[in-house]
Amino acid sequence: MENKSMILAWILVLNISSVVQCEYYSQSLPYKPVLEQKTNLHFYLHDILSGKNPTAVPIARASSGQGPVPFGTLVAIDDPITEGPELTSAVVGNARGMYMSGSQDANLALVMYVDIGFTSGKFNGSSISVFSRNPITESPRELAVVGGRGLFRFAKGFITVHTHSLNQSNGDAVLEYNVEIVNP
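The model shown is predicted, which means the values in this text are computed figures rather than measured ones.

In this section: the overall build of the chain. Scanning the chain from N- to C-terminus turns up 1 helix and 9 strands. Each helix (α) and strand (β) of the chain, taken in turn from the N terminus, gives the series α-β-β-β-β-β-β-β-β-β. Taken across its 184 residues, the chain has 34% of its residues classed as buried. Of all intrachain contacts in the chain linking residues separated by at least 6 positions in sequence, the fraction that spans at least 24 positions is 46%. Surface exposure of the chain reaches about 11700 Å², of which carbon and sulfur atoms provide 58%.

Have a look at this one:
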């Protein structure tokens, strides 16, 4: 009989504590929509696979395939972004993350996981997050902006990418980015 009383007491204690916890988490506040603002950005990204200081480095590569980025290749990047197409123009930030070659046919497509951070100007300390398929044989092509931080917190939008220049022998590329972001 004593065991039944003890079990009943524990059940009672657990029920009381769960009711208190539910009450605490059941409080909600009404949603107050905020005005969203649109921001347009324009810059150039320099993806350099060659030379003494490459900004894109393969970190995993499949045993088969040809070209600078064969299927299954995973590349870590720390690409500078600049105001103009020349690498000597003013640096406004960098694109850090990874891309993977995700296609086996002639229509090469990368899957990108990149944080584009700004290191100067009005957006210094802010960044946008890109997680998207990048069909590099298409021009123009679109990438999805799925978030951000700093002034771009809760950002959503897209990037239109044009290949400004591409070195076919080593894969070095300069890409023109036109970004449209909406965030609160």
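That covers the picture; the talk isn't over yet.
Let us look at the side chain of Ser126. Position of Ser126 among the secondary structure elements: in the loop between β5 (109–118) and β6 (127–135). Note on Ser126: relative accessible area 2%, which makes it buried. In terms of polar contacts, Ser126 uses its side chain to reach the backbone amide nitrogen of Leu151, at 2.8 Å. For Ser126, the contacting residues outside a window of four places in its chain are Ile116, Gly117, Phe118, Arg149, Gly150, Leu151 and Phe152.

We now examine the environment of Thr39. With respect to the secondary-structure elements, Thr39 resides in strand β1 (residues 37–47). For Thr39 and Gly157, which are 118 residues apart along the polypeptide, the C-alpha to C-alpha distance reads 9.5 Å. Apart from residues no more than four positions distant in its own chain, Thr39 is found in contact with Phe123, Phe152, Val179, Glu180, Ile181 and Asn183.

In the structure shown here, the tally under the stated rule is 3 salt bridges. When the shortest N-O distance is used, the salt bridge between Arg96 and Asp78 registers 3.0 Å. With Arg96 in strand β4 (residues 91–101) and Asp78 in strand β3 (residues 74–82), this pair connects stretches of sequence that are 18 residues apart. Owing to a relative accessible area of 46%, Arg96 belongs among the partly exposed residues under this scheme.

A word on the environment of Ala90. In this structure, Ala90 sits in the loop between β3 and β4. Overall, Ala90 belongs to the partly exposed group, its relative accessible area being 38%. Spatially, the C-alpha atoms of Ala90 and Ser120 are 9.5 Å apart, while their sequence positions differ by 30 residues. In contact with Ala90, other than residues within four places in its own chain, are Ile81, Thr82 and Glu83.

So, on to the nonpolar core. Counting residues in each nonpolar core, the largest one holds 31 residues, and the members touching the most others are Phe43, Tyr99, Ile116, Ile159 and Tyr177. Counting residues per element, the ones that place at least two in this core are β1, β3, β4, β5, β6, β7 (141–149), β8 (156–166) and β9 (173–183). Among residues more than four places away in sequence, those in contact with Phe43 are Ile81, Thr82, Val92, Ile116, Phe118, Leu175, Glu176, Tyr177 and Val179.

Its place among the elements puts Thr55 in the loop between β1 and β2 (56–60). The buried category is assigned to Thr55, whose relative accessible area is 14%. In this structure the side chain of Thr55 is engaged in a polar contact, spanning 3.3 Å, whose partner is the backbone oxygen of His46. Filtering out sequence-adjacent residues up to four positions away, Thr55 remains in contact with His46, Asp47, Ile48, Ala76, Ile77, Asp78, Asp79 and Pro80.

Moving on, we come to unusual backbone geometry. Of the consecutive residues Ser139 and Pro140, the connecting peptide bond is found in the cis state with omega at -5°. By the secondary structure assignment, Pro140 is in the loop between β6 and β7. Although it is not a glycine, Phe154 sits at a positive phi angle of roughly 65°. Its location among the elements puts Phe154 in the loop between β7 and β8. Assessed through its relative accessible area of 65%, Phe154 is described here as exposed.

Conventions we followed
Residues numbered from 1 in each chain as written. Predicted model: local features only at pLDDT ≥ 70, side-chain atom pairs only at ≥ 80, totals over all residues. Heavy atoms only, no water. Helix = DSSP H or I, 4+ residues; strand = E, 2+ residues; numbered from the N terminus. Buried < 20%, exposed > 50% of the residue type's maximum accessible area, 1.4 Å probe, protein only. Contact = heavy atoms within 4.5 Å. Areas by Shrake-Rupley, 256 points an atom, 1.4 Å probe, with all protein chains shown as cover. Polar contact = N/O pair within 3.5 Å; in protein donor to acceptor, adjacent residues only side chain to side chain. Salt bridge = Lys/Arg side-chain N within 4 Å of Asp/Glu carboxyl O. Core = buried A, V, L, I, M, F, W, Y, C linked by side-chain atoms within 4.5 Å.

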